[in-house]
Amino acid sequence: MIAIVLLLSSPLYFIIQIILNWICKFINISISPFVGCFVSILLGSTAIVGYVLLLLSDNYMHNPLEVISCLIFTLFTLVGFAYMYFATFAISEVSLHMHIMLMILISKELSIEEIKKSYNKTYMLEERLTRLIEIGQICKRDNLYYVNSKLLLYGSRIFDFWKTLLGFPIKLQ
Amino acid sequence: MFTEIVICGLFQFIVSQIVHVLIWRTFSPKAYPIWLPVIFIGTPVAIFIILHILVFIRLIGLDLNDALYLTIGSSFIMHISLSAMYIHMYPGIIFFSPSLEVIKLLAERKGTGLSIEEIDLPVLSESNTIDMRINHLIKSGMIAENSNQLFLTKIGYSVAKSFYLYRRMLGLPGIGRG
């Protein structure tokens with residue numbers, strides 16, 4: 001039962017995100033797409049963990065080790081599915097590959113020059129800086145950008161460690 | 001039962017990671033979208049087959065009952081979830097994320113900020129962004145070029161249309177901000 005509920009987590013996030021986005025549109029509140037996705041994952045995961053805790057309620061006293069193991073199983077599996085959902089959404093929002101494909105889809109045919117004109121270095125940098133400000137990772141004061149939170153910085157350290165483990169350089173050459 | 005599931009799931013994931021690192025250290029395959037799923041699905045399947053062989057030739061005494069298969073099945077779901085997360089993360093590991101590079105550059109300044117003009121990242125150069133991505137998309141058969149015009153192939157059209165519809169259902173513009 002728990003495994004089935006976990007398998008249904010991604011459709012649940014999707015439904016919550018649809019409802020959340022349409023509610024925000026209806027009451028005229030601007031919400032960053034990433035924040036919307038994150039909130040949907042948080043709400044969906046809370047509901048699932050709550051449901052699992054309810055299913056386990058009879059075993060709290062009799063078999064605490066099993067309850068802890070079940071929660072670890074739920075959290076590991078849920079983190080995997082939540083990340084997958086987040087990554088799929090991120091592909092649609094920030095992936096350059098997908099952006100190029102969607103640009104071609106909308107205009108049927110496109111030359112490389114036209115893509116470069118509307119998707120240049122300055123545009124890419126500005127978009128990323130705006131997004132990093134929206135999610136609270138950097139801040140802007142007197143036209144200068146500063147690091148505001150070290151969360152993504154620590155995340156990048158994990159990626160650098162994994163690059164080294166797999167034999168890739170950590171600096172772009 | 002759940003203790004066994006967690007241990008079994010983590011075992012499958014760790015062994016698959018070791019196989020992945022060993023292969024990448026021997027020769028780094030370019031076709032990672034094929035190699036990674038093969039490794040992360042193939043390794044537990046291989047463990048499952050080896051386990052059965054060992055039981056049948058009586059090298060280990062194990063009762064192959066329904067409860068055991070339920071444990072293996074549930075642990076496989078956990079393993080697949082963790083593996084899918086890792087496979088989704090992988091392009092972020094091997095390619096350089098411009099957002100992470102911006103954060104690293106700003107962190108190096110230690111309190112003194114940078115203006116947009118001073119943020120000069122090689123990762124955002126034309127050759128590392130548009131040109132590289134277009135080449136990837138052509139090589140993977142998602143787009144094709146004819147008389148300097150790019151157009152979607154059948155498979156590329158299906159993929160792009162799916163993402164377009166997904167975004168529209170979420171109430172977002174068909175194309176992200178990039």
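Residues numbered from 1 in each chain as written. Chains lettered and ligands numbered in written order. Predicted model: local features only at pLDDT ≥ 70, side-chain atom pairs only at ≥ 80, totals over all residues.

### Observations concerning the overall build of chain B
Across its full length, chain B carries 6 helices and 2 strands. Beginning at the N terminus, the succession of helices and strands in chain B can be written as α-α-α-α-α-β-β-α. Scaling as 2.2 N^0.38, a compact globule of 178 residues should have a C-alpha radius of gyration of about 16 Å, whereas chain B reaches 23 Å, well beyond that. With respect to the principal axes defined by its C-alpha atoms, chain B has extents near 70 × 50 × 40 Å. (Helix = DSSP H or I, 4+ residues; strand = E, 2+ residues; numbered from the N terminus. Rg over C-alpha atoms; globule rule 2.2 N^0.38 Å.)

### Focus: unusual backbone geometry
Outside of glycine, negative phi angles account for most residues, and trans bonds account for most peptide bonds. All names here are of chain A. For Asn28, which is not glycine, the phi torsion reads 60° and is therefore positive. Looking at where Asn28 falls in the secondary structure, it is placed in the loop between helix H2 (9-26) and helix H3 (33-55). Residue classification places Asn28 among the exposed residues on the basis of 6 C-beta atoms within 10 Å. Its identity is not glycine, yet Lys108 carries a phi of approximately 70°, on the positive side. By secondary structure assignment, the location of Lys108 is in the loop between helix H5 (96-107) and strand E1 (110-111). (Buried ≥ 20, exposed ≤ 12 C-beta atoms within 10 Å, placed from the backbone.)

### Structural notes on the sheet that holds E1 of chain A
Judged by pairing direction, the sheet is antiparallel, and its 3 strands sit side by side in the order E1(A)-E2(B)-E1(B) without closing on themselves. If you trace the sheet from one side to the other, it starts and ends with E1 of chain A together with strand E1 (143-146) of chain B, each paired once. In terms of strand pairing, E1 of chain B meets strand E2 (residues 149-152) of chain B through 4 bridges, oriented antiparallel. For Glu145 of chain B, the partnering residue across the bridge sits in E2 of chain B and is Leu150 of chain B. (Pairing = 2+ DSSP bridges.)

### Focus: the packing of H3 of chain A against helix H4 (residues 64-94) of chain A
Residues and elements named next belong to chain A. Contact geometry for H3 and H4: axes closest at 10 Å, N-to-C directions at 160°. It follows that H3 is roughly antiparallel to H4 by the angle criterion. Classified by chirality, the crossing of H4 by H3 is right-handed. Across the interface between the two elements, Pro33, Phe34, Cys37, Ile41, Ser45, Ile48, Val49 and Val52 of H3 pack against Cys70, Thr74, Leu78, Ala82, Tyr85, Phe86, Phe89 and Glu93 of H4. Split by residue class, the contact of H3 with H4 holds 13 nonpolar, 2 polar and 1 charged. (Axes fitted to C-alpha atoms, helices over the stretch in contact; angles between N-to-C directions. Parallel < 35°, antiparallel > 145°, perpendicular 65-115°, else oblique. Left-handed = near helix turned anticlockwise from the far one by under 90°. Contact = placed C-beta atoms within 7 Å. Nonpolar A, V, L, I, M, F, W, Y, C, P; charged D, E, K, R; others polar.)

### Notes on the nonpolar core
Counting residues in hydrophobic clusters, the biggest one holds 25 residues, and the most contacted among them are Phe73 and Tyr85 of chain A together with Ile5 of chain B. Elements with a minimum of two residues in this core: H3 and H4 of chain A together with helix H1 (2-26) and helix H3 (66-94) of chain B. Residues in contact with Ile5 of chain B, not counting those within four places in the same chain, are Phe73 of chain A together with Thr71, Ser74, Ser75 and Met78 of chain B. Residues Met98 of chain A together with Leu137, Met142 and Leu152 of chain B belong to the second largest nonpolar core, which totals 13 residues. (Core = buried A, V, L, I, M, F, W, Y, C linked by C-beta atoms within 7 Å.)

### Section: H5 of chain A
Residue and element names in this part refer to chain A. Counted at 1.5 Å a residue, the expected span for H5 with its 12 residues is 16 Å, and the 17 Å between its end C-alpha atoms agrees. All buried positions along H5 are accounted for by Met98, His99, Ile100, Met101, Leu102, Ile104 and Leu105. One or two residues past the end of H5 sits Lys108, with phi positive at roughly 70°. (Expected span 1.5 Å × (residues − 1).)

### Some details on the domain arrangement of chain A
We note that the domain assignment places domain 1 (2-97) and domain 2 (120-166) within chain A. The straight-line distance from the C-alpha centre of domain 1 of chain A to that of domain 2 of chain A is 25 Å. (Domains from an automatic or database assignment.)

### Thoughts on the interface of chain A and chain B
Between chain A and chain B, the contact holds 69 residues from the first and 68 residues from the second. Looking at the side of chain A that touches chain B, the element that brings in the most residues is H4 of chain A, giving 17 residues. A per-class count over the side of chain A that touches chain B returns 46 nonpolar, 13 polar and 10 charged. Bridge count for E1 of chain A against E2 of chain B is 2 bridges, and the pairing is antiparallel. Following the sheet pairing, Leu110 of chain A is matched in E2 of chain B by Leu150 of chain B.

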